[in-house]
Amino acid sequence: MNILNPALVVKSLSEINLKKYWETGKRGIILDLDNTITPWNEMELSQEAHVFLKEALDLKYKIFLLSNAKRNRTEAIAQKYAISYLAPALKPRKASFLKALELMNLKNEQVLVIGDQIFTDILGGNRVGCYTILVPPISQREFFVTKFFRLLETLFRH
Ligand SMILES: [Mg+2]
């Protein structure tokens, strides 16, 4: 396996079938912050990320925010959802992923790593043997959604 290849590539968080992964023994998610669940350097989760996180928590997944961003913002978001975090994580360093696994008390094969960057999230997750999922950065996803609604508008105007 190429260490830079995600196990799965999706177009949005909503494509990730959390129930299916739970049935196959997954119990935890290591989640990136910037451009994965929040727009870069912002405090609020995207609506899609909020829904995703709620579903994951309802299913009893352990969620771990692992971010290369500054501690303050990561901490504030983690506290809002009562989840664990580590920042700055210096991804793709193995140590931060191993620390997350240890704090979640889960084995690598039980954990999904989800992020928007190959050289931090995917590389780091693969190095410790987790199941890695690449999502497009939020800016790009929002652009896609904007384009979609623009198209709808045009259709309904005529
Ligand atoms: Mg990111």
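Below, the structure is looked at part by part.

Reading the values: the criteria
- Residues numbered from 1 in each chain as written.
- Predicted model: local features only at pLDDT ≥ 70, side-chain atom pairs only at ≥ 80, totals over all residues.
- Heavy atoms only, no water.
- Helix = DSSP H or I, 4+ residues; strand = E, 2+ residues; numbered from the N terminus.
- Rg over C-alpha atoms; globule rule 2.2 N^0.38 Å.
- Buried < 20%, exposed > 50% of the residue type's maximum accessible area, 1.4 Å probe, protein only.
- Contact = heavy atoms within 4.5 Å.
- Areas by Shrake-Rupley, 256 points an atom, 1.4 Å probe, with all protein chains shown as cover.
- Lys, Arg positive; Asp, Glu negative; His and termini not counted.
- Charge placed at Lys NZ, Arg CZ, Asp CG, Glu CD.
- 1 Å grid on protein atoms, 1.4 Å probe; cavity = no way out; pocket = protein on both sides within 12 Å on 5 of 7 lines; lining within 4 Å.
- Points joined across faces, edges and corners; volume = space filled by probe spheres on them.
- Nonpolar A, V, L, I, M, F, W, Y, C, P; charged D, E, K, R; others polar.
- Right-handed = clockwise from strand over helix to strand, strands pointing away.
- Pairing = 2+ DSSP bridges.
- Phe/Tyr/Trp six-rings, centres within 6.5 Å; stacked < 30°, edge-to-face > 60°.

## Description of the overall build of the protein
Point 1. When helices and strands are counted, the protein shows six helices and six strands.
Point 2. Along the protein, helices (α) and strands (β) appear in the sequence β-α-β-α-β-α-β-α-β-α-β-α when read from the amino end.
Point 3. For the protein, whose C-alpha radius of gyration is 16 Å, the value lies close to the compact-globule estimate of 15 Å for 158 residues.
Point 4. Seen through its C-alpha atoms, the protein measures out along the principal axes to roughly 55 × 35 × 30 Å.
Point 5. Expressed as a percentage of its 158 residues, the buried residues of the protein come to 44%.
Point 6. When contacts within the protein are restricted to residue pairs at least 6 apart in sequence, long-range pairs at least 24 apart make up 65% of them.
Point 7. Carbon and sulfur atoms make up 56% of the accessible area of the protein, which totals about 8,900 Å².
Point 8. Averaging the positions of the 22 positive and the 16 negative side-chain charges in the protein gives two centres separated by 4 Å.

## Regarding the layout of surface pockets
Point 1. Approximately 200 Å³ is the volume attributed to the second largest pocket.
Point 2. Considering the residues around the second largest pocket, the lining is formed by 15 residues, among which Asp34, Trp40, Asn68, Ala69 and Gln117 are closest to the centre.
Point 3. For the lining of the second largest pocket, the residue count by class is two nonpolar, six polar and seven charged.

## A short note on the pairing of strand 2 (residues 28-31)
Point 1. Both faces of strand 2 are covered, namely the face carrying Gly28 and Ile30 and the face carrying Ile29 and Leu31.
Point 2. Each parallel crossover has a hand, and the one from strand 2 via helix 2 (residues 47-58) to strand 3 (residues 62-66) is right-handed.
Point 3. Here four bridges tie strand 2 to strand 5 (residues 111-115), and the two strands are oriented parallel to one another. Residue pairing in the sheet places Ile29 in a bridge with Leu112 of strand 5.

## As for helix 5 (residues 118-127)
Point 1. Of all ten residues that make up helix 5, seven are buried, and the element is covered over most of its length.
Point 2. When we look at burial in helix 5, the residues that qualify are Thr120, Asp121, Ile122, Leu123, Gly124, Gly125 and Asn126.
Point 3. Considering only its buried residues, helix 5 is in contact with helix 4 (94-104), strand 5 and strand 6 (131-134).
Point 4. Looking one or two places after helix 5, you find Gly129, whose phi comes out positive at around 80°.

## Overview of the packing of aromatic side chains
Point 1. Enumeration over the complete set of coordinates arrives at two aromatic pairs.
Point 2. Relative to Tyr131, the ring of Tyr21 has its centre 5.4 Å away and its plane inclined at 50°; by these criteria the two rings are tilted. In this pair, Tyr21 is assigned in helix 1 (residues 18-23) and Tyr131 in strand 6, connecting sequence segments 110 residues apart.
Point 3. Taking relative accessible area as the criterion, Tyr21 reaches 6% and is therefore assigned buried.
Point 4. A relative accessible area of 26% places Tyr131 in the partly exposed class.
Point 5. A centroid spacing of 5.1 Å and a plane angle of 80° characterise the contact between Trp22 and Tyr61, whose relative ring orientation is edge-to-face.

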